[in-house]
Structures are given as C-alpha cells and as structure tokens.
2 protein chains.
Amino acid sequence: MSSVSHYLRKHKVTVVGSGNWGCAIAKIIAENTASNPSLFEQDVQMWVFEEKVEIPKDSRHYDPSSPLCQGQQNLTDVINQTHENVKYLPGITLPSNLKANPSIVDAVKDSTILVFNLPHQFIVRTCEQIKGKILPYARGISCIKGVDVNEEGAHLFSETIGNTLGIYCGALSGANIANEVAREKWSESTIGYDTPHLDSKVPAPSESSTADVFEHKDVSGQYSKTKLQPLPNEYPPVNHETLKTLFHRPYFHIRVNSDVAGVSLAGALKNIVALAAGWVDGLGWGDNAKAAIMRVGLLEMVKFGERFFGATIQNRTFTDESAGVADLITSCSSGRNFRCAKLSVQRKQHISEIEKTELNGQSLQGTLTAIEVNRFLKKQGMESDFPLFTACYHILQGTMQPEVIPSYIER
Amino acid sequence: MSSVSHYLRKHKVTVVGSGNWGCAIAKIIAENTASNPSLFEQDVQMWVFEEKVEIPKDSRHYDPSSPLCQGQQNLTDVINQTHENVKYLPGITLPSNLKANPSIVDAVKDSTILVFNLPHQFIVRTCEQIKGKILPYARGISCIKGVDVNEEGAHLFSETIGNTLGIYCGALSGANIANEVAREKWSESTIGYDTPHLDSKVPAPSESSTADVFEHKDVSGQYSKTKLQPLPNEYPPVNHETLKTLFHRPYFHIRVNSDVAGVSLAGALKNIVALAAGWVDGLGWGDNAKAAIMRVGLLEMVKFGERFFGATIQNRTFTDESAGVADLITSCSSGRNFRCAKLSVQRKQHISEIEKTELNGQSLQGTLTAIEVNRFLKKQGMESDFPLFTACYHILQGTMQPEVIPSYIER
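In the annotation of an unreviewed UniProt entry, chain A is listed under the name Glycerol-3-phosphate dehydrogenase [NAD(+)] and assigned to Aspergillus cristatus. Under the Catalytic activity (unreviewed entry) heading, UniProt states for chain A: "sn-glycerol 3-phosphate + NAD(+) = dihydroxyacetone phosphate + NADH + H(+)".

See the structure below:
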C-alpha cells in the first residue's frame, strides 16, 4: 500500500444497502479508503432506503434541545449528522467519510466499485433502477448470502447483478455476524472474484475477442454472455490485491480467491446442514453426532460444488475458507436454522411452527434452500448421491424422522 | 458379507486393553465377529490388566448372596461373569462372546488381528511382552490417539507397534467419546490402513523383494525396514473391506483410507487448535472468532501433514474425515483442552493452574503437543509458517497474550 500512486484516477466506492450488515461493511470500507488515499477516493457513498426515524431517548445522540431530536427525521440526515444508523446499527460510530445518500442514482454515479448489500428480494428491482446509469466499466461485489436455486440449477446473486448491469460482479461471504463485525470483534471473510482477463493486465489465453466477454455458466450448463467494458488504465486495477486493501481490517481478515460460485454456494448449502445438526442435537445425541453431521454435510457441499461448479473444488473454498467450513461451524453453533431445528425436536413441533413463534415474522433460509435443492436434485436424478440433503427434505416434509438420519446416510 | 466363506480359516481378533475406550471398541468388534461368522472367529479376546475390584452396591449386578459380591474379585472374573466392566465402563453390557483374559500372551496367541487400545505410555512395554509370541503374519490397528513428537519429528504410535512387533499396523481415530460410543449414540470414525502389497492380492509395482519389506519413513526422512510376513492365503485378506466389516456398526460409521499418518496426526494437532479456540472463546469474542481459529488451525494441520507427510493431503484426511475436521469440531466444543484454556482466560490464571484444579491429576494433551511441535518447528526453522501453532506456544510460555492472536496470524 504505497502512498504514492502511479495512477491518474482513484476508485470511487459505493455501498448499495444500509441494514446492519450493509452498515458494518460500509464502515470497514470507509476506514480503508481513508487509510489508502492513493487507491481510493476518501468519501464512500452509501445508498439508504429513505425512511422516517426518531432518535430514541436512550440513544447517546438524544438531546431534547437539538432540532434533530424534534420528531421524525430522515434516516439519511440522522446518519450524516450523528454518524450512526440509529435504527439498524445503533451504538456503532460510522466513519465521517461515509456519506448516506437517499438517491440510488446519485449514490452510484461515477463509482468504479459497487458493493451490494441488501436483502436478496430487492436485488433485481434495485439493479433495474441503476441500469445504464452506472459507469459501464464499474465492478461489483455482492455481500448477499446464498444462491437462487430452482429446478434448472443454482443461480448466483452476483450473476444476477452482473447480468442485469452488464458488469463483472464477485461475492463476499464468511462467518460474520453483522453486529459482532461492527463491534470490531475479530472475524474472517472470503471474497470470490475471478478477475476478468481484460482487467488482469496479463494477456488472456486467447486474445481480445473472448477476453472481453464474460460468460456466465449456470448449473444447467446454459451460457449467457455479457460484453465487459475494460477498466480504463488510469485506474488502479480491480484485482485480488485491491479488493483485499478495500475490505481487510485488523479485526476483519480477508482472503480472496477466484471461486465466486463456491463462496456463494457455501453460504446457501450450510443452512441445510445446520438444520440437520439442530435435529440431531435436539435428540440429545451429543457432540460426536453433531460433528458427524457437519462432516457429512461438508462433504455433500463439496460434492455439490464439484458436480455442478467445477472451479469450486480446485479452490478448496468449502474446506479451507471462512465462507466454507468456518461459516458452517458458526451456523451449526448458534445460527437460527440450527436453533429452530433443535427446538422443533425438543418441543415435538414441526419447524414451521417454531419459525412462527420464534422469528418475529422472519423466515428460515435453510428450509427453503433444502426444498429448492431437493427439487433440483430430483430433476437431475441425483437424490441418492446427496443422502443428507435428501434426508433433510424428507424430514421437512414429515415423511422421515430425524432419528433415521444415520441409517439413511450410511454407506 | 456372504455367509459362505471360501476361505479355509477365519480371523481371530484380540483387543489389547480394556479401559472405557478399549471396552467400547471391544464391544463393537465382538458384535461384528458374531454377525460375520464366515470371516471371523466368534470369540474375541480382550486383554485385561488384572486388578481386584468390588462390585459396587449400586450396580445392577450387586447381589449380596452371590459369591461374586463377597469382597474383592478379579476384574476378569467379574467381566466374564457379569459381561460388564464395572470399574471402567459401568452400566454397559458387553457381548458374551467377548472374553476377558488376564494373560496378554495367551490373549494374543494365534490372533491374526490385534487391536491396540491402551494408554500410550504402556505401548512399548506391552509390545515387548508379546514380541515373538504373536503370529508373525498378524496385522494391527492402533486406537491410541495422537503421535509422539520430538525435535526429530513425529512418530506414529502405529509405527512403534509395528516396528516393535515386526508387523504392519494401521490406526483408528475419530470424533469419539468412549462413553457415548458405548451407549450406541451415533458417531463416526476413520481407519487409516495402507494395505501392504503382499496382502492386497494385487501385484506390487516392483515384484516380491520390495513388496514384503515394509518401510517406515519418519519426519526426518529416516527409514527403518521391517520384513513383513505374508498373510497365508487360507485367511480372508486384511484390507479396507474386512476392516470396515470388523469396526462398522449402525451407530459407529467407519470410513477407511490409506492415510495412517493423517489419521494419527490429526488426533494430536487438533488439541493445539482447541487451546486457541478456548482462549478466544474465553475472551468473549463470539462464534465468528472461534470458527476463524478452527479454520486457521485446520489449515495449519493440513500444511503440517503436507510438509512432513506427503500422503496426508492426497487423502484429504484432515478436511474430509471424522479423524480430521469432525474431531477438531468436537474438541473445540467440549474437549478438555478447550475447556481448560477457556477457564484460564476467564479466571486470569495460567492453564497449568487450571489443569491442577480441574482435571483430578490428569494432564492436558494439547499443552504438551504444542510445546513438542514448537520444538520441532523451531529446529526446522519453520515457526513463522505455522503462526497459530507458534502463538499457542508463546501463550503457554507467558510471552504472548491471547488477545494478540489475530495480529500474529494476520497475513
């Protein structure tokens, strides 16, 4: 990280989304742009879905004499004046170079790096709003966990973003609970970013015509092509080193690899494993059994990646990275899929009942993913190759009891 | 498992050792010899270090009118009459075809498969007692966890056994708490067994003269040669399939690979990682941080295996098997190294103090292994390649605080 840059321009970074995970990531990014002024513009834009908030009386920013505390205020004004998202990440001071912006079009304007961090159901409509209004050579990172699985295959959210906007987009995922990251409790994360040839300054294996086309291959083997615009030479390259500089902090360790699919898939599939770990733990079978479930689950994750996304296994993302084994461990220790599955056995209720009573209207990711993955595996005729995933599906359907898992996965 | 054998002879199996893990494994083996009469002699010998015991009054076998309950009795008599090891595995019924034998020489006589399951400090003297008194073509499995590390390298207990007796010996290890396995709570385990060429019925790469010599290579690259006796053709081969038949149960799932070193090493190295996980957990850093430690630890385990035992990585033992990742998970959840390290941070005491007050005179494996591994790495000039292992050593020495771990392993 030299302080003298030999590039004419710097990267402008925008974070799209401002929930608790969005703010935690934006905080990290703004800290890093401030300490790497040769690479990045200091100010970081954060798009905030505008809403009216009141500063709570127990907030350290509450001052009855301040105009900001007279009734409802714009969330962006509150963030920009108090440097705190009092609604979604209370108690955390955000860097003063992080600028909340209620206009998404204005927030992404002229940005070369776009970081997406919002609930997955908003991805498409958000991207549609900025389509054609971003720099054509911008690059993206999706911090949205999981993948979109249907009968045809698994579609990465990073692909949805990239395809909609016509840009290249990688993914960030890891064993990260937003509030702990925001409090600077040490954790790790993984970025999957398969640097496009035309950005890498290394000649592509076959020259030009293929190098500037980014091909997306989904599970069913279908390709879609996006013509990538090269990043102008005035900018520092967007490569693994630059991304590490942008996301790595002493309390947030980053490893970057090229396995976007693995990083994204792991974040979805581990939720199925967490259900099974919860059921077994609920049965009181002890730590050996829970560890066995996690091991078998990890192998099925690896196999899924191997079978449908060749690059995954080469990068060993599932077994070696935070997005893989570490996130699996965290999810099987304290994640909500694990906890609800465990309660469902202890209370002898279906997990959908537990979901209703325990999650304040939120829904479990694992149950949905288990059903979607099963639908896909069934279509491929591969249910028996993934006995744990398949067992989870049957338990959710009520056609199998958790006690049967060991014999079902025995071979 | 056909009931009609085409072999003239059956394997006789002996378990050397009868503590709680020894009895749990002997129970499994006796169940399997009973259900596979074409491969194995039904009766299983178990060598018991003879001692005098009294049947406790709260035992279901206590009957004041029975001669067995009149004062002190031989432990072997109690086991053979009650089918329970009332001292080391109370409450568990052992199969009636498991025969306790106080004479080690008699117990191992004519046995083709010897299963070693006793505290590691007794290995050498026990093997010396039976040297030359076993079948020269017997095969061994060591259920003894860990390895013997010194400045020169890591020596496998299976090698110590094999070298002392002049036989080939593999290893079994996994996420197995003896009492839970004995209670038939589901778990998994891994057998590492690199079937000698002369047993495999497949021609050796180069014929005869090398095939019947078993070479042990230790970390320092030194070889010792043992002339293996071929198993006579009248016996079923001792290969992965036979071993799985002998050890696999519906509640004890076995996977067999050829990586004896990996299976053994994992059981030792994971204890170092468990110390670090305990320290970080004691600091209250949460599940993300603990998962990060486990991930980094797993990578250093893989690297250690890769660097000093080539075969390990090929077999993916650390990342894929119960002896690897699953045992690591269990040890970092409820193992004693984890618990004592956590308490040492919470109580601001050195771990050796906790060891004294919490373990009833037993000692921690992890602290010893961390020091031994560091001595070895230092001699190789490789401390900086294993920053987590090295940090653990410094914390044990009092020259580093656990809070520094993230910056120490940062790269």
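Observations concerning the interface of chain A and chain B
Opposite the 46 residues of chain A that make contact, chain B presents 46 residues. Among the residues chain A hides against chain B, the three largest losses belong to A:W186, A:N288 and A:R295. Together they make up 23% of the total. Viewed at the interface, chain B and chain A are joined by two salt bridges. One salt bridge in this structure joins A:R295 and B:E188, with 2.6 Å as the shortest N-O distance. The tally of links from chain A across to chain B stands at 13 residue pairs in polar contact (both at pLDDT 80 or more). Those elements that provide at least two residues to the side of chain A that touches chain B are α6 (178-182), β11 (187-192), β14 (252-257), α9 (286-308), α11 (317-320), α12 (322-334) and α17 (405-409) of chain A. Of the residues forming the side of chain A that touches chain B, the biggest block, 13 residues, is contributed by α9(A). In terms of residue class, the side of chain A that touches chain B is built from 21 nonpolar, 12 polar and 13 charged.

Here we look at the pattern of salt bridges
All chains considered together, the criterion is met by 34 salt bridges over all chains. Among the ionic pairs, B:R249 bridges to B:E31, the shortest N-O distance being 2.9 Å. Of the two residues, B:R249 is situated in the loop between α8 (240-247) and β14 (252-257) and B:E31 in helix α1 (residues 20-35); the sequence distance between them amounts to 218 residues. Residue B:R307 pairs with B:D385 through a salt bridge whose shortest N-O separation is 3.4 Å. Placement of the pair is B:R307 in helix α10 (residues 286-308) and B:D385 in the loop between α16 (365-380) and α17 (387-397), with a sequence separation of 78 residues. Residues joined by salt bridges that share partners form a network here, namely A:K27, A:E31, A:E184 and A:R249.

A closer look at the pairing of strand β10 (residues 168-173) of chain B
All names here are of chain B. In terms of burial, β10 is a largely internal element, six of the six residues being buried. Neither face of β10 is left uncovered, since the one carrying Y168, G170 and L172 and the one carrying C169, A171 and S173 both have all their residues buried. The pairing of strand β7 (residues 139-142) with β10 spans four bridges and is parallel. Bridge pairing in β10 places G140 opposite C169. Strand direction decides the pairing type here: β10 and strand β11 (residues 187-192), joined by three bridges, are antiparallel. Residue A171 lies in a different strand from β11, and its bridge partner there is G192.

Quick look at the sheet that holds strand β5 (residues 98-101) of chain A
All names here are of chain A. Taken in spatial order, the eight strands make up an open sheet running β5-β2-β1-β6-β7-β10-β11-β14, and their pairing is mixed. The open sheet has two edge strands, β5 and β14, and neither has a second partner. Across the sheet, the axes of successive neighbouring strands diverge by a mean angle of 25 degrees, strand direction being ignored. Here four bridges tie strand β1 (residues 13-16) to strand β6 (residues 113-116), and the two strands are oriented parallel to one another. Each residue of the ladder has a partner; that of V15, found in β6, is V115. The sheet strands contacting helix α8 (residues 260-282) are β10 (168-173), β11 and β14, and the helix crosses β10 at an angle near 45 degrees.

Re the packing of aromatic side chains
All names here are of chain A. Inspection of the entire model under this criterion finds 18 aromatic pairs over all chains. Residues F304 and F376 carry aromatic rings whose centres are separated by 6.0 Å and whose planes lie at 65 degrees to one another, so their mutual orientation is edge-to-face. Here F304, found in helix α9, pairs with F376, found in helix α15 (residues 365-380); they are 72 residues apart in sequence, far enough to count as distant. On the accessibility criterion, F304 (1% relative accessible area) is buried.

Examining the sheet that holds β10(B)
Residue and element names in this part refer to chain B. The eight strands lie next to each other as β5-β2-β1-β6-β7-β10-β11-β14, forming an open sheet whose pairing is mixed. A single partner strand is all that each edge strand has here, and the edge strands are β5 (98-101) and β14. Strand-to-strand, the axes of this sheet are offset by a mean angle of 25 degrees, without reference to chain direction. Taken together, the six bridges between β11 and β14 define a ladder with parallel strand orientation. Considered in β14, the bridge of T190 is made with R255. The sheet contacts of α8 involve β1 (13-16), β6 (113-116), β7, β10, β11 and β14, and relative to β14 the element is tilted by about 165 degrees. Helix α13 (residues 322-334) contacts β10 and β11 of the sheet and is inclined by roughly 140 degrees relative to β11.

Thoughts on the nonpolar core
Counting 271 residues, the largest nonpolar core has A:F247 and B:F247 as the members making the most contacts within it. Residues within four places of B:F247 in sequence aside, it is in contact with B:I25, B:I28, B:I29, B:N32, B:V115, B:I141, B:L172, B:I191, B:F252 and B:I254.

Quick notes on the rules
Residues numbered from 1 in each chain as written. Chains lettered and ligands numbered in written order. Predicted model: local features only at pLDDT ≥ 70, side-chain atom pairs only at ≥ 80, totals over all residues. Heavy atoms only, no water. UniProt positions renumbered as here; feature names shortened; annotations may be inferred. Contact = heavy atoms within 4.5 Å. Buried area = accessible area lost by both parts, 1.4 Å probe. Salt bridge = Lys/Arg side-chain N within 4 Å of Asp/Glu carboxyl O. Polar contact = N/O pair within 3.5 Å; in protein donor to acceptor, adjacent residues only side chain to side chain. Helix = DSSP H or I, 4+ residues; strand = E, 2+ residues; numbered from the N terminus. Nonpolar A, V, L, I, M, F, W, Y, C, P; charged D, E, K, R; others polar. Buried < 20%, exposed > 50% of the residue type's maximum accessible area, 1.4 Å probe, protein only. Pairing = 2+ DSSP bridges. Axes fitted to C-alpha atoms, helices over the stretch in contact; angles between N-to-C directions. Phe/Tyr/Trp six-rings, centres within 6.5 Å; stacked < 30°, edge-to-face > 60°. Core = buried A, V, L, I, M, F, W, Y, C linked by side-chain atoms within 4.5 Å.

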